[in-house]
Amino acid sequence: MTENRFFALAIDIGGTKMECGIVDSQGRLLSAVGKHQVPFNGEGIADPAVLIDLISPYVEQACRMEGDFLGIGLGCCGNINQKTGMAVLIANLHWRNVPFGSMVRDAFGLPVYAATDGRMALLGELAWGAGRGRKNVAWATIGTGYGGYLYLDGRLYAGAHGFAGNFGHNTWDELHGSLCGCGRHGCVETFVAGPAIARAGQIAADTKTSPFLSQIAIQRVIKTRDVFDGERSGDTACQNIIAEVIRLVSINLGGLVNVLDLEMIIIGGGVAKAAEDLVERISVKTREYLMTEEAKTDLIIVSETFSNSALFGASADVFLQQGRLVL
Ligand SMILES: [Zn+2]
């Protein structure tokens, strides 16, 4: 007799890509991970109906599988109301008050658990990754944006409106900072996320302070990864740009640890993966900004466990909310 298995469909919607996969209650992937471009309409707004069409084959696949299909976990790259599934503000998708959670629920007649991708990623790490057994953990992502989610005293911390963890929108320098996606100037995110690195690289190319980037700029605009390539090749301007990113992230995370006395920070996102040792360098640098010797000794800063922790965490949310998973 085989043990009954439980599984969920996990969906992770980012600013440009959507990933889908079927995951069981042990955190094992039961299907290939499907990757899709987010469909945008002529006005640059992500189209919810087309997204649901893209999700549909995965629901059909899950319905055909043996075992109990418990529902859909839906992570989204912005502020989404966990209780209602309302996408309150998702800047990259140009969504404001789109009831996406209930649209998915109505389309498939299945339980749907929608939340910000930061919560999902942290859940994935707590359930099956680096955060297992820990009680005070922050998730941080450095990619198109910068921010995260918190697990404090053994509880996921959503805050008064469910928007906790937006530490990338702490102001660093409103006088010299550029306009942020949140509508204000000079948030940390505008200095450390991918677009900021690319922008600093473009300036270094245009002002000829970086020979490496000036060469590339003859052909095309500078991308984030060019700055990392330049750093690896020994270009001083690129090294300075990345060193400044590491410094600001470390000040920001160090401040977080001083306030919350965290034991672990798990870092994910495309920028964090752009250099193999970036997370390690952030870990070393962050210690300069910690107040106590205990934190300096004990704080663990590591890279995310999965290629996409938010995808796994989206399924963990289904199991957690249906009592099939205890953190
Ligand atoms: Zn901001």
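Above this text you will find the structure in question.
Here the structure is a predicted model, which is why all the values come from computation and not from measurement.

Help me understand the side chain of N252 in this model?
The topology assignment puts N252 in helix α8 (residues 236–260). Classification of N252 by relative accessible area gives buried; the value is 11%. Each residue touching N252, except ones within four places of it in the same chain, is listed here: Y146, F167, N170 and V188.

I tried to follow the environment of A314 on my own but got confused; where do I start?
Here A314 shows up in helix α11 (residues 309–321). Since its relative accessible area comes to 0%, A314 is described here as buried. Along the sequence, A314 and I72 sit 242 residues apart, while their C-alpha atoms lie 7.9 Å from each other. Every residue in contact with A314, bar those within four places of it in the chain, is listed here: A10, I11, G73, L74, G75 and M120.

Explanation requested: the sheet that holds strand β5 (residues 79–80) in the structure shown.
Strand pairing in a sheet relies on backbone hydrogen bonds. The paired strands run either parallel or antiparallel. If you trace the three strands from one edge of the open sheet to the other, you get β5-β6-β7, paired in antiparallel fashion. Among the strands making up the open sheet, the edge pair consists of β5 and β7 (95–98). Relative to β7, strand β6 (residues 87–90) runs antiparallel, the two sharing three bridges. Of the residues in β7, the one forming a bridge with L89 is R96.

The rules behind these values
Residues numbered from 1 in each chain as written. Predicted model: local features only at pLDDT ≥ 70, side-chain atom pairs only at ≥ 80, totals over all residues. Heavy atoms only, no water. Helix = DSSP H or I, 4+ residues; strand = E, 2+ residues; numbered from the N terminus. Buried < 20%, exposed > 50% of the residue type's maximum accessible area, 1.4 Å probe, protein only. Contact = heavy atoms within 4.5 Å. Pairing = 2+ DSSP bridges.

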